[in-house]
Amino acid sequence: MKKFVFSLDSLRRYRQTLFDQEQAKLQTLLYELRKLEDRRTLLLAEVEQSRERIHSMLVVPVHQLTAMQAFQRFAGDEAKRFAENKAVLSGRIDQQRSALMLARRNVEALEKLK
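Comments concerning the overall build of the protein
Turning to step 1, where the next piece is worked out: In terms of helices and strands, the protein carries two helices and zero strands.
Turning to step 2, where the next piece is worked out: Each of the three principal axes of the protein carries a C-alpha extent, and together these read 90 × 25 × 20 Å.
Turning to step 3, where the next piece is worked out: Looking at the protein residue by residue over its 114 residues, the buried ones come to 20%.
Turning to step 4, where the next piece is worked out: In the protein, the share of contacts with a sequence separation of at least 24, taken over all contacts with a separation of at least 6, comes to 84%.

Here it is as structure tokens:
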């Protein structure tokens, strides 16, 4: 039976591929976090705009006040959900950064052996 032979360079390329994959995962998570923050910012802007519209009116119909209150409750609930999702996503980002650091060390260890 033939012996299995591999070169150090092949192993380094394999570990570099793993590093690149870990980096891509981190970029995806960071993109998700940016999207979440953008949605949160947009919602806060919509709440502020609706408040300004109500305050600018001389006479505010009751149905608009009720709609505004309902929207503010919805925005509050969404803000809580955004905060929860951000906490979960931040934890995943921290884990992915650790995995990326480990993958980088594995590549660098082989670079030093060259």
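That shown, we press on.
A look at the nonpolar core
Nonpolar side chains in soluble globular proteins generally cluster together in the buried interior.
Turning to step 1, where the next piece is worked out: Residues Phe19, Leu26, Leu29, Leu30, Leu33, Leu89, Ile93, Leu100, Ala103 and Val107 constitute the largest nonpolar core, which totals ten residues.
Turning to step 2, where the next piece is worked out: Of all the secondary-structure elements, those providing two or more residues to this core are α1 (8-56) and α2 (62-113).
Turning to step 3, where the next piece is worked out: Apart from the residues within four sequence positions on either side, Leu29 is in contact with Leu89, Arg92, Ile93 and Gln96.
Turning to step 4, where the next piece is worked out: Leu43, Val47, Ala75 and Phe82 belong to the second largest nonpolar core, which has five residues in total.

Section: the environment of Phe19
Turning to step 1, where the next piece is worked out: Of note, Phe19 is situated in helix α1.
Turning to step 2, where the next piece is worked out: A residue is classified by how much of its surface remains accessible, and Phe19, at 10% relative accessible area, is buried.
Turning to step 3, where the next piece is worked out: When the C-alpha positions of Phe19 and Lys35 are compared, they lie 24 Å apart, and in sequence the two are 16 residues distant.
Turning to step 4, where the next piece is worked out: Not counting chain neighbours up to four residues away, the residues in contact with Phe19 comprise Leu100, Ala103, Arg104 and Val107.

Side note on the environment of Ala83
Turning to step 1, where the next piece is worked out: Along the chain, Ala83 falls in helix α2.
Turning to step 2, where the next piece is worked out: Sequence spacing of Ala83 and Glu37 is 46 residues, and the spatial spacing of their C-alpha atoms is 9.5 Å.

Some points on α2
Turning to step 1, where the next piece is worked out: For α2, built from 52 residues, the straight-helix expectation of 76 Å at 1.5 Å per residue is met to within 8% by its first-to-last C-alpha distance of 75 Å.
Turning to step 2, where the next piece is worked out: Residues of α2 that are buried in the fold lie against α1.

Structural notes on the side chain of Gln96
Turning to step 1, where the next piece is worked out: Within the secondary structure, Gln96 sits in helix α2.
Turning to step 2, where the next piece is worked out: A polar side-chain atom of Gln96 sits 2.5 Å from a polar atom in the side chain of Glu22.
Turning to step 3, where the next piece is worked out: Excluding residues that lie within four positions of it along the chain, Gln96 makes contacts with Glu22, Lys25, Leu26 and Leu29.

Quick word on the pattern of salt bridges
Side chains that differ in charge, positive against negative, can pair when their charged atoms come close.
Turning to step 1, where the next piece is worked out: Enumeration according to the criterion identifies eight salt bridges in this entry.
Turning to step 2, where the next piece is worked out: Through salt bridges with shared partners, a single network forms among Asp9, Arg12, Arg13 and Glu111.

Brief notes about α1
Turning to step 1, where the next piece is worked out: For α1, which comprises 49 residues, the first-to-last C-alpha distance of 71 Å matches the rise-based estimate of 72 Å (1.5 Å per residue) to within 8%.
Turning to step 2, where the next piece is worked out: Each element contacted by the buried residues of α1 is listed here: α2.

The rules we used
- Residues numbered from 1 in each chain as written.
- Predicted model: local features only at pLDDT ≥ 70, side-chain atom pairs only at ≥ 80, totals over all residues.
- Heavy atoms only, no water.
- Helix = DSSP H or I, 4+ residues; strand = E, 2+ residues; numbered from the N terminus.
- Buried < 20%, exposed > 50% of the residue type's maximum accessible area, 1.4 Å probe, protein only.
- Contact = heavy atoms within 4.5 Å.
- Core = buried A, V, L, I, M, F, W, Y, C linked by side-chain atoms within 4.5 Å.
- Expected span 1.5 Å × (residues − 1).
- Polar contact = N/O pair within 3.5 Å; in protein donor to acceptor, adjacent residues only side chain to side chain.
- Salt bridge = Lys/Arg side-chain N within 4 Å of Asp/Glu carboxyl O.

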